[in-house]
Amino acid sequence: MQPFTSVTGAAVPHLQANIDTDVIIRIERLTGGADLGRYAFEALRTLPDGSPNPDSVFNEPRFARAPILLAGRNFGCGSSREGAVTALMGMGFRAVIALSFGDIFFANCFRNGLLPVVLPDATLETLAAEARMGDFTVDLRSQTILTPSRNSVSFDVDALQRQGLLEGLDEIGLTLKCAGDIERWQSADRVARPWVWQTVRVVV
Amino acid sequence: MPRTLFEKIWDAHVVRDLGGGWSLLHIDRHLLHDLSGPPALAEVARRKLPIRDPELTFAVADHAVSSAPGRTAQTFELGSRLYGALEHLAAKEHIRFFELGQKGQGIVHVMGPELGLVLPGMTLICGDSHTCTNGALGALAFGVGNSESAHALATQTLRQQKPRLMRVCFDGSPGQGVTPKDLILHLIGKIGAAAAAGCAVEYAGSAIRAMPVEGRLTICNLSVELGAKCGLIAPDETTFAYLRGRPFAPRGEMFERAVAHWRTLYTDDDAGFDREEIVDVAGVVPTVTWGTSPEHTMSIDGAVPSPASQSDPERRKAFAAALDYMGLQAGQPIAGTKVDWVFIGSCANSRLSDLREAAALARGRHVAPDVTAWVVPGSEQVKRDSEAEGLDTIFRDAGFEWREPGCSLCVAANGERVPPGARAVSTSNRNFVGRQGPGARTHLASPAMAVAAAVTGALCDVRKL
């Protein structure tokens, strides 16, 4: 996984609530093995005839390859598709700052090196108001966001998730070190709940 | 100390406390489908790791298979590669794969309960957000991304933080034409699509206790549309009767032993929840969505809401954008809105009881001219049972297309789409922009309301049919 320490650059303000993972990346794009970044937010970025939507904030030249996204309530709700995270990263994003997130999307972010930050409404509005004034810096080490007007905003992040992102930790590798615990739990469970384990000879 | 149903299952599955509020949680069942299964299996193979417990893992193709009558795995070309990959990787890893056309194949959240693969007190995951459906049997079931799926394949565990707890009591008896789908849509409209973010939701109350398992599966299916990690219902006699005799359920003396354990799975009196909601079921009427979020619900006898009714500017903008996408005017009665497509299917509403209810209304009626209406059974078993009862004939005689089991038009990842600008009434669970195809306009509703729309050619109050 790509570690995350800090990122500096433009922040795209798109505060609409309930931006779901179908809008972030259409499921059909996941069946084709395509470059997902090209198709991120396509329903917002393009008109039905395929031409760029001139009213979409994502098409403002100043926000091309912006690494930060400012989003609204329940960002990434809906489907569990991890392609939503890879599509955003393919488009250039490294951090998403929102009012709240869909749970599965939020978990998927940490497994891929995309930093999700939750901020209250008023703070997010302040950041959005500065979006066209210059670059932001999001720093995970100090847990702060520096705005173009040099305001510093701090944010909370779970300690283990923070460490995982900073170090690019391999969770599977960490858990495999607990193999003894897993073995002991399973041995006891085979005795306590044998019906869970009797699957192999079942005829449907 | 009193504990909730959720806490009892959670506590029993903690393999190790990882500190900082994190637990290593054992996963009893892992289901793989054709979209999310192959990348997770490929990731484990890339790392040259073995699948830890292949006998606890099961695979089925549903998302990217065609539902066309007479289909094969090759009918939808992009899907055929995914089908082949899932079948091949599953065989290589000794994971049970349920083939197309064979018993066991179906929408992953329909076939799991149907086969008795999911049982009370289990933990279950799948790379699919509607895994929460399975909580209806008293299991702790939730959707995960590919990375967590790979983690579970390699370790049979997940690193998890305990969610907050919410309880929703559905009390009272539903009125005429009101189904479990109406109850859950009503709830989402009332408290919002993010109301249960970070929560496990237990559904309780007299309406849940009186509800058959298939209705409970519909309720739990839309938990993720409330933002919840999972939804669950305490197992009871209804649950045990449903499970008895299912292929993967225990048999004989072992079944009785399991039931004795399952009877301990309920929320203790005085156990605490972070949030509680009560829904007066008698006050719910047949419900549809008007917009592009499952929280955009309304009574079928109501008028489309106005953005001006919203005090929050972002909400106002979202309402206006939704109305524009849906081609609706604020203030217009929703009933009478012309419909082009009707889809009866999906993991929300494609089980035998859904199709019986739909067929009972379709019998002796006919799909309106210019309406395309599909019925897609949720599984091979549902299809065979329906055909044995003659439901397929009723649907065909009424002008519906009777199709093969799969996700079909709910997910539009299989070559099947509602055309741009067309208006669909769908028994599925998501009315997102472009969900049923780019530009498609989706109204979520119950199977009964879907039939009412199909035969009248417009959104219609099923109570007036």
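It should be emphasised that the depicted structure is a prediction, and the values quoted were computed from it without experimental measurement.

Draft legend 1. Spatial organisation of the interface of chain B and chain A. Each partner contributes to the interface: chain B provides 62 residues, whereas chain A provides 49 residues. Elements supplying a minimum of two residues to the side of chain B that touches chain A: strand S1 (14–19), strand S2 (22–26), helix H3 (77–92), helix H5 (146–155), strand S8 (157–161), helix H10 (252–262) and helix H11 (313–326) of chain B. Among the elements that take part in the side of chain B that touches chain A, H5 of chain B stands out by supplying seven residues, more than any other. When its residues are assigned to classes, the side of chain B that touches chain A shows 29 nonpolar, 20 polar and 13 charged.

Draft legend 2. Looking closely at the pairing of strand S4 (residues 95–98) of chain A. Residue and element names in this part refer to chain A. The alternating pattern of S4 places Ala95 and Ile97 on one face and Val96 and Ala98 on the opposite face, and all of these are buried. Examined bridge by bridge, strand S3 (residues 68–71) and S4 share three bridges and lie parallel to one another. Each bridged residue has a counterpart across the sheet, and for leucine 69 the counterpart in S4 is valine 96. Traced from S3 through helix H5 (residues 83–90) to S4, the parallel crossover comes out right-handed. After leaving S4, the chain enters helix H6 (residues 103–110) and then returns to the sheet as strand S5 (residues 115–118), a path that is right-handed.

Draft legend 3. Summary view of the sheet that holds strand S2 (residues 11–14) of chain A. Residues and elements named next belong to chain A. Across the sheet, four strands lie side by side as S2-S3-S4-S5; this open sheet has parallel pairing. Looking along the sheet, the strands with just one partner apiece sit at the ends: S2 and S5. Within this sheet the neighbouring strands show an average axis-to-axis angle of 20 degrees, counted without direction. Its contacts with the sheet place helix H7 (residues 121–129) against S2, S3 and S4, and it is angled at close to 130 degrees to S3.

Draft legend 4. The environment of glycine 180 of chain A, seen in detail. Residues and elements named next belong to chain A. In this fold, glycine 180 is placed in helix H10 (residues 179–192). Given 9 C-beta atoms within a 10 Å radius, glycine 180 is considered exposed. Note: C-alpha distance between glycine 180 and alanine 98 (82 residues apart in sequence) is 40 Å.

Draft legend 5. Highlighting H3 of chain B. A rise of 1.5 Å per residue sets the reference length of H3 of chain B, with its 16 residues, at 22 Å; its end C-alpha atoms lie 23 Å apart and thus fit the reference within 8%. Buried within H3 of chain B are the following residues: Gly79, Leu82, Tyr83, Leu86, Leu89 and Ala90 of chain B. Taken around the axis of H3 of chain B, the buried residues stretch over an arc of 145 degrees, which confines them to a single face. The exposed set on the far side of H3 of chain B, more than 90 degrees from its buried face, consists of Glu77, Ala91 and Lys92 of chain B. The inward-facing, buried residues of H3 of chain B abut helix H2 (27–31) of chain A together with strand S3 (29–33), helix H2 (37–46), strand S4 (57–60) and strand S5 (96–98) of chain B. Just downstream of H3 of chain B lies histidine 94 of chain B, where phi reads positive at about 60 degrees.

Calculation rules
Residues numbered from 1 in each chain as written. Chains lettered and ligands numbered in written order. Predicted model: local features only at pLDDT ≥ 70, side-chain atom pairs only at ≥ 80, totals over all residues. Contact = placed C-beta atoms within 7 Å. Helix = DSSP H or I, 4+ residues; strand = E, 2+ residues; numbered from the N terminus. Nonpolar A, V, L, I, M, F, W, Y, C, P; charged D, E, K, R; others polar. Buried ≥ 20, exposed ≤ 12 C-beta atoms within 10 Å, placed from the backbone. Pairing = 2+ DSSP bridges. Right-handed = clockwise from strand over helix to strand, strands pointing away. Axes fitted to C-alpha atoms, helices over the stretch in contact; angles between N-to-C directions. Expected span 1.5 Å × (residues − 1). Arc of directions from axis to C-beta.

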